[in-house]
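Structure assessment
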Amino acid sequence: MSPNNSSILSIFPFNTKVNSQGHLVIGGCDATALAQEFGTPLYVLDEFTIRTKCQEFRFEFSKRYPDILVIYAAKAFINPSLANIIKQEGLGMDVVSGGELSIAQSAAFPPEKVYFHGNNKTASELKLALNWGIGRVVVDNLFELDLLNKMAQETNKKQDILLRINPGVDPHTHRFTTTGILDSKFGLPLTTGQAEAAIIRASSASHLSLLGLHFHLGSPISEINPYQVAIELALKFAQKMKAKHGFDLRELSPGGGFAVQYTPRPKIPSVSDYADAIVSKLKYVSDKLNLAHPRCTIEPGRGVLAQAGVALYSIGSIKKIPKVRTYAAVDGGIGDNIRPALYQAKYEAIVANKANQEMTTKVTIAGRYCESGDILVKDVVLPPLSPGDIIAIPASGAYSIPMSSNYNAVPRPAIVMVKDGEPRLVRRRESYQDLISLDIN
Ligand SMILES: *Cc1c(COP(=O)(O)O)cnc(C)c1O
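Remember, it's a predicted structure, so these values are computed and weren't measured experimentally.

**Section: the domain arrangement of the chain**
In terms of domain boundaries, the chain breaks down into domain 1 (3-46 + 307-436) and domain 2 (117-300). On a C-alpha basis, the centroid separation for the pair domain 1 and domain 2 is 36 Å. Facing eleven residues of domain 1, the contacting portion of domain 2 comprises seven residues. Summed over both partners, the interface of domain 1 with domain 2 buries about 920 Å², with 63% contributed by carbon and sulfur atoms. The tally of links between domain 1 and domain 2 comes to zero salt bridges. Run the count over domain 1 and domain 2 and you get one residue pair in polar contact (both at pLDDT 80 or more).

As structure tokens, this is what we get:
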């Protein structure tokens, strides 16, 4: 194996290997054999990596700060089998729709560990949440505050809430995934007085119990400083609200957005780096301001799932444009992973059936969809390619499948969970029949 390949292997699921045939092996399963058995495009999720990541977040945060709840941000990807794993690992879940909530419900997820986020939750979604008895609704705006209070009254419940504040901190990520700056649709700005108005109104709401504050700056955030700046702003705000309105901060969430290695370089902070930065700031500032240490809730999505996932594709047409570029087309693309087109997201790739061969040829991996922007990986160096080769893209566990579409009426991929050399289909491939199953003539 070339040295270059071994550094790429480090961003694949834990224990990914290359066997004596030069085939990539994930969770003990030969990726080439998986592609043959289940077809391509195929998403492979490694159960060991998912569980290890859950444990790492719990361990790194709770050893520094006892009152920690790690909740998994389901929008990175959720289905019943994953919900079960998250439940077994003792994490909570952050949901952003009635749909995600119902998937959690289908897995008998403990409702008290479910947090409901979103900037425009509908009345029917809030009703689902109230009826199930979920742990927290994270209220995004004043409209929602009044709506939820009214609905809680109607269902005769008192709902625990956090307020999502907007601290006005730039996390230096893509503008489409920046959420904590003033000019954002998310959250109650600290600087405009809206956050204070919400504290006053929530404190006197008959059917709401205000437990604390939440912010989420954006993602992925590859710096630790934005979290620290925002924690200080949130705690100073809490102290001011305590003095003015008797507000008691019992819980604070700095959100999610922890970066992952989509490519081996540049190196991003480790979970322990994030934990260190967040916990030390939280302790230091709350002590300085004479505030009791609040419960801290953190919300990793991609941090739990991205590394566990590998996308497998088959190479079809290879188009050489002399002195310009070589396009190698695969059987997937923006329909199953829109991130490169939407966010200019960068990925790596290797050839799963030639993982021990020397990488000598620069190619651009194009998708099969009718869009010129449908490029998965630009200018990657691989062994010489032929049709039928299997391309493996690492760090594909988060925000690929959940953002997938049926564009060009292409059925969506299957998902297989691997563990100890055993593959288990956790979502079957869509069929042509599925494509018209909702339509009425
Ligand atoms: C998207 C989101 C997350 C998770 O973001 P990741 O980058 O997947 O960690 C956490 N909290 C909130 C409120 C979010 O919107």
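**Some words on the pattern of salt bridges**
For the coordinates displayed, the defined rule picks out 21 salt bridges. Linking Arg64 and Asp276 is a salt bridge whose minimum nitrogen-to-oxygen distance equals 2.9 Å. Within this pair, whereas Arg64 is found in the loop between helix H3 (47-62) and strand S5 (68-73), its partner Asp276 is found in helix H10 (residues 271-288), the two being separated by 212 residues in sequence. Classification of Arg64 by relative accessible area gives buried; the value is 18%. In this structure, the salt-bridge partner of Glu251 is Arg136, at a minimum N-O distance of 2.9 Å.

**What about the side chain of Arg51?**
Residue placement: Arg51 occurs in helix H3. A residue is classified by how much of its surface remains accessible, and Arg51, at 18% relative accessible area, is buried. In this structure the side chain of Arg51 is engaged in a polar contact, spanning 2.6 Å, whose partner is the side chain of Gln88.

**Regarding the pairing of strand S12 (residues 251-255)**
Along S12, five of the five residues are buried, which leaves the element largely enclosed by surrounding structure. By the bridge criterion, three bridges tie strand S11 (residues 208-214) to S12 in an arrangement that is parallel. Residue pairing in the sheet places Leu213 in a bridge with Leu252 of S12. Taken together, S11, helix H9 (residues 225-245) and S12 form a β-α-β motif whose crossover is right-handed. By the bridge criterion, three bridges tie S12 to strand S13 (residues 295-298) in an arrangement that is parallel. Residue Gly255 lies in a different strand from S13, and its bridge partner there is Ile298. Taken together, S12, H10 and S13 constitute a β-α-β crossover, and its handedness is right-handed.

**Notes on the site of the ligand**
If you check the shell around the ligand, you find 16 residues, and the closest are Lys75, Gly257, Glu299, Arg302 and Tyr399. Take Arg302: an N or O atom from its side chain is 2.8 Å from an oxygen atom of the ligand. Burial of the ligand by the protein amounts to 95% of the accessible area it has alone, namely 390 Å². In terms of residue class, the shell around the ligand is built from four nonpolar, seven polar and five charged.

**Things to note about helix H6 (residues 123-132)**
Residues of H6 that are buried: Glu125, Leu126, Ala129, Leu130 and Trp132. Buried residues belonging to H6 abut helix H5 (98-106), strand S7 (114-116), strand S8 (136-139), helix H7 (142-154) and strand S9 (159-166). Residue Gly133 follows H6 closely and has a positive phi angle near 80 degrees.

**Comments concerning the packing of H3 against H10**
In contact at an axis separation of 9 Å, H3 and H10 are set at 30 degrees when each is read in the N-to-C sense. The orientation of H3 relative to H10 falls into the category roughly parallel. Crossing angle aside, the handedness with which H3 passes H10 is right-handed. Residues Lys53, Glu56, Phe57, Glu60 and Phe61 of H3 touch H10, and the partners they reach there are Val271, Ser272, Tyr274, Ala275, Ile278 and Val279. For the contact of H3 with H10, the per-class residue count stands at seven nonpolar, one polar and three charged.

**Topic: the sheet that holds strand S1 (residues 17-18)**
The strand order across the open sheet formed by three strands is S1-S2-S3, and the pairing between neighbours is antiparallel. Both outer strands of the open sheet, S1 and strand S3 (29-30), are each paired with one neighbouring strand and no more. One ladder, built from two bridges, connects strand S2 (residues 24-26) with S3; its direction is antiparallel. Its bridge partner lying in S3, Val25 is registered against Asp30.

**Some words on the pairing of strand S14 (residues 309-321)**
In the sheet, strand S4 (residues 42-46) pairs with S14 via four bridges, with the strands oriented antiparallel. The residue of S14 that forms the bridge with Leu45 is Gly309. In this sheet, strand S19 (residues 390-393) lies alongside S14 in antiparallel orientation, the contact comprising four bridges. Within S19, the residue paired with Tyr313 across the bridge is Ile391. Bridge count for S14 against strand S15 (residues 325-330) is five bridges, and the pairing is antiparallel. When the bridges of S15 are listed, Ile318 appears paired with Ala328. Connecting S14 to the next strand, S15, in antiparallel fashion are three residues, including Lys323 with a positive phi near 65 degrees.

Thresholds applied
- Residues numbered from 1 in each chain as written.
- Predicted model: local features only at pLDDT ≥ 70, side-chain atom pairs only at ≥ 80, totals over all residues.
- Heavy atoms only, no water.
- Domains from an automatic or database assignment.
- Contact = heavy atoms within 4.5 Å.
- Buried area = accessible area lost by both parts, 1.4 Å probe.
- Salt bridge = Lys/Arg side-chain N within 4 Å of Asp/Glu carboxyl O.
- Polar contact = N/O pair within 3.5 Å; in protein donor to acceptor, adjacent residues only side chain to side chain.
- Helix = DSSP H or I, 4+ residues; strand = E, 2+ residues; numbered from the N terminus.
- Buried < 20%, exposed > 50% of the residue type's maximum accessible area, 1.4 Å probe, protein only.
- Pairing = 2+ DSSP bridges.
- Right-handed = clockwise from strand over helix to strand, strands pointing away.
- Near = heavy atom within 4 Å.
- Areas by Shrake-Rupley, 256 points an atom, 1.4 Å probe, with all protein chains shown as cover.
- Nonpolar A, V, L, I, M, F, W, Y, C, P; charged D, E, K, R; others polar.
- Axes fitted to C-alpha atoms, helices over the stretch in contact; angles between N-to-C directions.
- Parallel < 35°, antiparallel > 145°, perpendicular 65-115°, else oblique.
- Left-handed = near helix turned anticlockwise from the far one by under 90°.

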